[in-house]
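Summary of structural features
Listed below are the residues making up each chain.
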Amino acid sequence: MTLPSDLAAHLQELGLGEQVPSALGEMVEQLLVLAVEAVPSCVGVSLTAHRHGQPLCITVATPSAPTRPVLSSLALHLPDRSLPSRSSIAPVLTLYSSRVGELRRAATDLLALLDLDPRRLILDRDLALPPATRVTARLGLALQDGSAIDRALGVLLDREGLLPSQGRHELERLAVSNEVSVPDAARHLLTSLQGRA
C-alpha cells in the first residue's frame, strides 16, 4: 500500500494544538480523498481538535458509508505543535474502513511517514462512524467560542493583570460557579465588563 505523498503535509498541518484554522473542514475533506486513495475501503474520517479545552469534532464520510459497516479503525494522535507551556490536547485523526484489518498496513506506513511513536496509534477501537458534521456551521460556532475566550483572556490580562494560565483558570472557575460552558462564561464576563465601562 502506498500512501499519497502529500498526506504527511496534511497530517502535520493538523498537529495544531490550540490553533484551529478556518479551512479545517476543507482539510478533513481532503484527507478523506487521500485516505480513500490509499485505502479504498475507507468510509470516513473524523478529526477531533481542541481549542481552549473545548473539543471540535469534524466527521466526513463517503457517499457509500451508510451501506458499508465499519469493521476497522485507526486513531492517530497527531503531534501537538502548541507551545510546551500550554496545556492542550493533541488532535486525533480517525480513519474508518469497511474491511477487517485493512488499516493495519496504513498504520505502519503512517508511523514511518510521520516518524511517530507507535503508541500514537490505536487500531480498531472506534467501530462506529460518528455522524457526518455540517462542517461550516459547526466550525463557525467553535471559532466564535474560541474568539470569545480569547477576548475574555485579553481583558483579564489587560484589566486584572492576570497571566494567560490564571485567566484560563478564572474562566473555568466562572463556568463551574455559573454552571455554564467556558465560552459562555467568557461571553458573560465580556458583557458584564462592557456594562461597567
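Worth saying up front: this structure is predicted, and the values here are computed from it rather than measured.

1. A short note on the overall build of the protein
The helix and strand inventory of the protein stands at six helices and five strands. Each helix and strand of the protein, placed in order from N terminus to C terminus, yields the pattern α-α-β-β-β-β-α-β-α-α-α. A buried classification covers 45% of the 197 residues belonging to the protein. Excluding contacts between residues fewer than 6 apart, the proportion of contacts in the protein whose partners are at least 24 apart in sequence is 71%. About 10,600 Å² of surface is accessible on the protein, with carbon and sulfur atoms providing 54% of the total.

2. Concerning helix α5 (residues 164-178)
With 15 residues, α5 extends 21 Å from end C-alpha to end C-alpha; this agrees with the ideal 21 Å at 1.5 Å per step. Turning to α5, its buried residues number three or more, namely G167, L171, L174 and A175. Projected down its long axis, α5 carries its buried residues within an arc of 100°, all on one side. The exposed set on the far side of α5, more than 90 degrees from its buried face, consists of S165, H169 and V176. E179, located one to two residues past α5, shows a positive phi value of around 55°.

3. So, the confidence of the model for the protein
When the pLDDT values of the protein are averaged, the result is 75; 72% of them are 70 or greater. This stretch, residues 134-139, has a pLDDT under 50; its non-local contacts, to residues over four places away or in other chains, come to 12 contacts.

4. A closer look at helix α3 (residues 103-114)
Along an α-helix, residues three or four positions apart point the same way, because every turn accommodates 3.6 residues. Taking 1.5 Å per residue as the helical rise, α3 with its 12 residues ought to reach 16 Å, and the 16 Å between its terminal C-alpha atoms agrees with that figure. Every buried residue of α3 is accounted for by L103, A106, A107, D109, L110, L111 and L114. After α3 finishes, the residue D115 shows a positive phi value of roughly 55°.

5. Re the pattern of salt bridges
Scanning the entire structure with this criterion turns up seven salt bridges. D124 serves as the salt-bridge partner of R104, at 3.6 Å between the closest nitrogen and oxygen. You can see R104 sitting in helix α3 and its partner D124 sitting in the loop between β5 (121-123) and α4 (135-160), a full 20 residues away along the chain. Here R104 falls in the partly exposed class, since its relative accessible area comes to 48%. Judged by relative accessible area, D124 falls into the partly exposed class, the value being 25%. D117 is the salt-bridge partner of R119, the closest N and O atoms lying 2.5 Å from each other. Accessibility expressed as a relative area gives 70% for R119, which makes it exposed.

6. Observations concerning the nonpolar core
As a rule of thumb, soluble globular proteins bury nonpolar side chains together. Membership of the largest hydrophobic core comes to 25 residues, with the highest contact counts inside it found for V45, L74, L76, L93 and L95. Every element with two or more residues in this core is listed here: α2 (24-38), β1 (42-51), β2 (54-61), β3 (72-77), β4 (92-97) and α3. With six residues, α3 is the largest single contributor of residues to this core. A148, L156, A175 and L190 belong to the second largest nonpolar core, which has 15 residues in total.

7. A word on the pairing of β3
A large share of β3 lies buried, amounting to five of its six residues. Pairing analysis gives three bridges linking β3 to β5, with the strands arranged antiparallel. The partner of L74 across the bridge, within β5, is L123.

Conventions used here
Residues numbered from 1 in each chain as written. Predicted model: local features only at pLDDT ≥ 70, side-chain atom pairs only at ≥ 80, totals over all residues. Heavy atoms only, no water. Helix = DSSP H or I, 4+ residues; strand = E, 2+ residues; numbered from the N terminus. Buried < 20%, exposed > 50% of the residue type's maximum accessible area, 1.4 Å probe, protein only. Contact = heavy atoms within 4.5 Å. Areas by Shrake-Rupley, 256 points an atom, 1.4 Å probe, with all protein chains shown as cover. Expected span 1.5 Å × (residues − 1). Arc of directions from axis to C-beta. pLDDT = per-residue confidence, 0-100. Salt bridge = Lys/Arg side-chain N within 4 Å of Asp/Glu carboxyl O. Core = buried A, V, L, I, M, F, W, Y, C linked by side-chain atoms within 4.5 Å. Pairing = 2+ DSSP bridges.

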